[in-house]
Amino acid sequence: MKKTSTFQNGLIWFGAGVSLAEILTGTSFASLGFTQGFAAIVTGHVIGCILLFLAGLIGGRSGRSAMETVKMSFGQKGGLLFAVLNVLQLVGWTAIMIYDGALAAGSVFPAGRWAWCLVIGGLILLWILVGVTNLGWLNKLSMAALFLLTLALCWVIFGSGTPQTSGLGEAMSFGAAVELAVAMPLSWLPLISDYTREAEKPFQATAVSAIVYGLVSIWMYAIGMGAAIFTGESDIAAVMVKAGLGIAALVILILSTVTTTFLDAWSAGISAESISPRLTGKWMAVGAALLGTAGAVLFPMDDVTGFLYLIGSVFAPMIAIQIADFFLLRRDRFQADFDGRNLVIWLVGFAAYRGLMRLDLPLGCTLADMALVVTLCVLVDKLAGKPTLP
C-alpha cells in the first residue's frame, strides 16, 4: 500500500478544516462578543484536537482503519454497531455539506439548489475516483487557492466596520459555546484513523493532522463569528458578494465544500469495508456521495447543532473507551465477537452525555463524560483482575 507523507496528511486536514459548516457554526458564538467567543472556540478546539490526536494515533500505530480500531475495544461483531452508526453519520454529513455549499453557491450565482448540488456532488466523485493517496498536485493546487481566498475573506470581514453590540443572535453560555466548539473536531474522531493508518510516520502525521485541523478550524469559526459581529451578517456568501469577491467567492465556497465532504464520503466507504469484507471502500464511498447528493437535493438541512450533539453523545464515550484500552490498559479484544463490559460502559457514557447536556458545565459535557467513561473502564478492569494481554 502506498504510504502518505506527513505533508500530505497536513494538506488533507487543512482541507477538512476549511469548511462552510465550520464558518456557519462560528456565527453562533457572536452573542458572547469577540473576546469571550474566541476564548470558547480555542478552549473547545484544544479539548477536541487532543482527542483527535489520540484517536488518530491508535490507527497510525495499529495500521487499522478507524472502525477496525473500534473492534479492538468492542470485538468483531460489537464493532459493527459503531461502523453502521458511522456510515450513517458520514452520509448525513455528506448531504449537509453539499446542501450548505449549494445554498451558498446559489447566493453568488443563482442556478437552482439542485443544480449546485449536482456540481458539488460531481466534484466530490472526482476526488474519490482519484483517491486519497493520488490527489497530489490537485490537492496542493486546491489548498493553495483556498488559503489565498480565505485570507481575502478575512480582510473583507475584519476590515469592514466596527463591531456590532446588539442583534447578535440567541445568548449562549460559555460552557455551551465550548461544547459547540468541541463538537466539530469530535465529529472527525470516527474517521481520522482512515488516513493516519497509511502514514509513513504515524506519530508525526497524526500530530500534524490534529494541529493543522485545529488551527484552521479555529480560523473558520473566527471568520463566522467575525462576520456576524463586524458585518451584522451571518450569511457568508452574502458578505462575499457585497464585498465584490464574485468568482473568488464561488471558488472558496465550492472548493471548501468539496475538500471537506470528500473525507466524509471516503470514510463512509472505508467504514463500510469493516461491516463486510465483500464491500469495496472506494465504490461504497461513491455510493455515499451519490446518497448525500440525493439527500441534499430532496431534503432541507438548515440546522446542524442537534446533529453535532448527537454525534458527540455516540462517539465521545466510544473513543474514551478506546483511549483507555489502548493507552492505559493495553487491552485488545479484536479477536473476540463481543466485549460486553465495554458495550455496557458505552451505554452508560451515552446516557451520561445526554444528561450532562442539560447542565451548564464550564468546559462543556464532553470532557466530563469522557473522564467518567475512562474512570469506569479502569475501575472495571481492576475489579475483573485479569488483564487480557500478558
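Residues numbered from 1 in each chain as written. Predicted model: local features only at pLDDT ≥ 70, side-chain atom pairs only at ≥ 80, totals over all residues. Heavy atoms only, no water.

### Quick notes on the overall build of the chain
Of the regular secondary structure elements, the chain holds 16 helices and zero strands. In terms of overall dimensions, the chain is globule-like: its C-alpha atoms have a radius of gyration of 20 Å, near the 21 Å expected for 390 residues. By its C-alpha atoms, the chain is 65 × 45 × 40 Å across when sized along the principal axes. For the chain, buried positions account for 57% of its 390 residues. Long-range pairs, those at least 24 residues apart, make up 86% of the contacts in the chain with a sequence separation of at least 6. In the structure as shown, the chain presents an accessible area of about 15,400 Å², 69% of it carried by carbon and sulfur atoms. The centroid of the 21 positive side-chain charges in the chain is displaced by 11 Å from the centroid of its 21 negative side-chain charges. (Helix = DSSP H or I, 4+ residues; strand = E, 2+ residues; numbered from the N terminus. Rg over C-alpha atoms; globule rule 2.2 N^0.38 Å. Buried < 20%, exposed > 50% of the residue type's maximum accessible area, 1.4 Å probe, protein only. Contact = heavy atoms within 4.5 Å. Areas by Shrake-Rupley, 256 points an atom, 1.4 Å probe, with all protein chains shown as cover. Lys, Arg positive; Asp, Glu negative; His and termini not counted. Charge placed at Lys NZ, Arg CZ, Asp CG, Glu CD.)

### Side note on the nonpolar core
In terms of nonpolar packing, the biggest core is built from 121 residues, with Phe29 and Ile128 touching the most fellow members. With 15 residues, helix 5 (residues 78-108) is the largest single contributor of residues to this core. Setting aside its immediate chain neighbours within four residues, Phe29 contacts Gly37, Ala40, Ile41, Ala177, Leu180, Ala181, Tyr221 and Met225. (Core = buried A, V, L, I, M, F, W, Y, C linked by side-chain atoms within 4.5 Å.)

### Some remarks on unusual backbone geometry
Of note, the phi angle at Arg330 is positive, near 50 degrees, even though the residue is not glycine. Within the secondary structure, Arg330 sits in the loop between helix 14 (305-329) and helix 15 (340-356). Arg330 gets classed as exposed once you look at its relative accessible area, which sits at 53%.

### Considering the layout of surface pockets
A water-sized probe, rolled over the atoms, reveals where empty space remains. Estimated volume of the second largest pocket: approximately 420 Å³. If you trace the second largest pocket, you find 20 residues lining it, with Leu24, Thr25, Thr27, Asp100 and Asp302 closest to the centre. Counting only elements with at least two residues in the lining of the second largest pocket, the list comes to helix 2 (20-26), helix 5 and helix 11 (236-242). Grouping the amino acids of the lining of the second largest pocket by side-chain chemistry returns 10 nonpolar, six polar and four charged. (1 Å grid on protein atoms, 1.4 Å probe; cavity = no way out; pocket = protein on both sides within 12 Å on 5 of 7 lines; lining within 4 Å. Points joined across faces, edges and corners; volume = space filled by probe spheres on them. Nonpolar A, V, L, I, M, F, W, Y, C, P; charged D, E, K, R; others polar.)

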